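# A structural walkthrough
The chain contents come next:
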Amino acid sequence: MAEVKSAVWDYDSYKSPGPDGINFGFIKDFWAELRGDIMRFLSDFHRNVGSLYKILAKVLANRLHLVIGSVISESQTAFVKDRQILDGILIANEVVDEARKSKKELMLFKVDFEKAYDLVDLGYLDEVMGRMSFPTLWRKWIRECVCTATTSVLVNGSPTDEFPLQRGLRQEYSIGEQGSMTVSHLQFADDTLLSGVKSWANVRALRAVLVLFETMSGLKVNFNKSMLVGVNIPDTWLGEAASALCCKESGGLGVRRVREFNQALLGKWCWRMLVDREGLWFRVLAARYGIEGGRLRDGGRRGSSWWREIARIRDGGSETGGSWFGEQVVKRVGDGSDTFFWTDPWVDGFPLCQRFERLFELTETKSRTVAEMFALGWGEGGEAWEWRRQLRAWEEEMLGECQSLLLNIFSQAHSIDRWHWRPDPATGYSVIGAYKLLTSHLTMMSHIQTQTYNDLRL
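Just so it is clear, the model here is predicted, and its values are computed rather than measured. (Residues numbered from 1 in each chain as written. Predicted model: local features only at pLDDT ≥ 70, side-chain atom pairs only at ≥ 80, totals over all residues. Heavy atoms only, no water.)

### Notes on a nonpolar patch on the surface
- Nonpolar side chains collect at one region of the surface, where Ile85, Leu86 and Ile89 lie side by side and expose about 250 Å² of accessible area between them.
- Structurally, isoleucine 85 can be placed in helix H6 (residues 85-102). (Patch = residues over 30% accessible without salt bridge, like charges linked within 9 Å, V, L, I, M, F, W, Y side chains within 5 Å. Areas by Shrake-Rupley, 256 points an atom, 1.4 Å probe, with all protein chains shown as cover. Salt bridge = Lys/Arg side-chain N within 4 Å of Asp/Glu carboxyl O. Helix = DSSP H or I, 4+ residues; strand = E, 2+ residues; numbered from the N terminus.)

And the structure:
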C-alpha cells in the first residue's frame, strides 16, 4: 500500500487527465475511497488505461530503479544513477590518445540507429529480460504494460479505430601498459561507439553482428548515417572499409569567462576521483597511468593533454586560481580506513605532509591510513612512527607538535570516511558552484587592483 501511495504522490496533481478524464489531484483527494479499487486493479490487472496504468508504471519504475545499475552494462554511461555521460567521453578520449601516441591502429564505428525507441521488438525485449533472470511475474507485468497498448490517429480531425502496437520502446581495444583493460563499446543513451583494432576480420564481424542484431531486436541501423573513424590507419584502407560497411568515413556555450568555466568542468573530474573510484572511467585511467600513494599518477609527457590539465588542477598547478581545488576539499574521518594519514587533508583541512614536511620526508610509512596509524599508536612512544634515521632534537620537537594535534582525535569504528566540498558541504562539488568560486576570486582581485590604481592617482 505504501509503495503504491508513494507512486501516486510522485505525480503532479494538476497535469492533464488521461482518457478516463481523471487526474492525480482527484485520486489524491479521494484516496481513502479509491485505494481499495486501485489495489485490486494492481493485484490482477488485464488491460491498463488512463491514470491507473500510470500508477502501475510508476510502481514498476520505482522497483526497477533499485536494481537498474546491476542489469545495465557499465559501458552505458547515461541515465543510470551514479553514472555520467561524460564518463564515456573520457574513456573515448583516452583510448584515442593512447592509440595515437603508441602508433596503434584503431577503428571506431559510430552507430546510428533509426528511431531507436520506436522500433524495439517487444518479443525481443521479453527474451532479454528472461536472459537477465527477471522473474516470470515481472515479465508478465511489463508485457501487459507495453503489449496491450493501443493507439489511433486523427484523419481529417476524426480518430480512427484503435490498433495495437507491436514495437516501441567481439571487437575490443586494450588500454594500459600491459593491456590490462579492454574497451569494446561505449553507449550514450541510444548512441553507440564500437572500437577495435584494424583488420578485415573486424570489419566483416562488425557488419555481420549489426545485421544480426537488426534481425533479432527490430532496431534498424542507418549504415549510411553511421561513421567509421581511423587512428593511424591509411585513408585508402579506411575508405575501402567504409565502402564495405556502406557508411561514411572521417579521418560558444555563452559563458562569459570560458577559461574559468573550463576549469570548473575539469574540476568535476578531480572531485569524482575522490568520491567515485569504482567506475569504468577510473579503472581505465588507473590501467593507463597507474596509482601511487592512493592517487592516479599524472602520466608525465605520456599523459593526454586532457589528463595532464586535470592533474594540474588536482595538484594545485592550474593557471586559474592556483590551488583553488585543493584548498576547498577536506576529509572527514570516520574509522580512518579510507584516509591516508600523511597526504589527505583531514586535520584542520590540511595534509600533515605539508604542515610537517620534514617528518614526511623522513617517515618510512608514507602510505599508511589513519586507521593503521591509530591502531599502532600515534602518541608518545607509539609504534606508528618509523623513521629512516634517528630524529634530531628539533625534529623531535616537530613530532611532539604533531602528536599534540592528534591528542584528541579518535577513530569512529562505525562511521565511514567522507570527502567534503567546503563551499557546499551538504551537496558537494558542482560545476556552477566552482565557476562562481573562480570568478568571484577574479572579481575580487580586479576590485583590489582598481582600488589600488585609484589610491595611487590620489
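### A look at unusual backbone geometry
- Look at lysine 103: it is not a glycine, yet its phi comes out positive at around 65 degrees.
- With respect to the helices and strands, lysine 103 occurs in the loop between H6 and strand S1 (106-111).
- Assessed through its relative accessible area of 66%, lysine 103 is described here as exposed.
- In this structure, cysteine 246 takes a positive phi of about 60 degrees despite not being glycine. (Buried < 20%, exposed > 50% of the residue type's maximum accessible area, 1.4 Å probe, protein only.)

### Digging into the pairing of strand S10 (residues 191-197)
- Judged by how many residues are buried, S10 sits mostly within the fold: five of seven residues are covered.
- Sheet topology places S1 next to S10; six bridges connect them, and they run antiparallel. Its bridge partner lying in S10, leucine 108 is registered against serine 195. (Pairing = 2+ DSSP bridges.)

### Concerning the pattern of salt bridges
- Under the criterion given, the structure shown has 21 salt bridges.
- Note that glutamate 127 is salt-bridged to arginine 131, the shortest N-O span being 3.3 Å. Taken as a pair, glutamate 127 and arginine 131 lie in helix H7 (residues 122-131) at a separation of four residues, close to a single helical turn.
- For arginine 358, the salt bridge is made with glutamate 361, and the minimal N-O distance between the two is 3.2 Å. Residue arginine 358 and its partner glutamate 361 are both found in helix H15 (residues 357-362); the two are separated by three residues, about one turn of the helix.
- Arginine 358 gets classed as partly exposed once you look at its relative accessible area, which sits at 28%.

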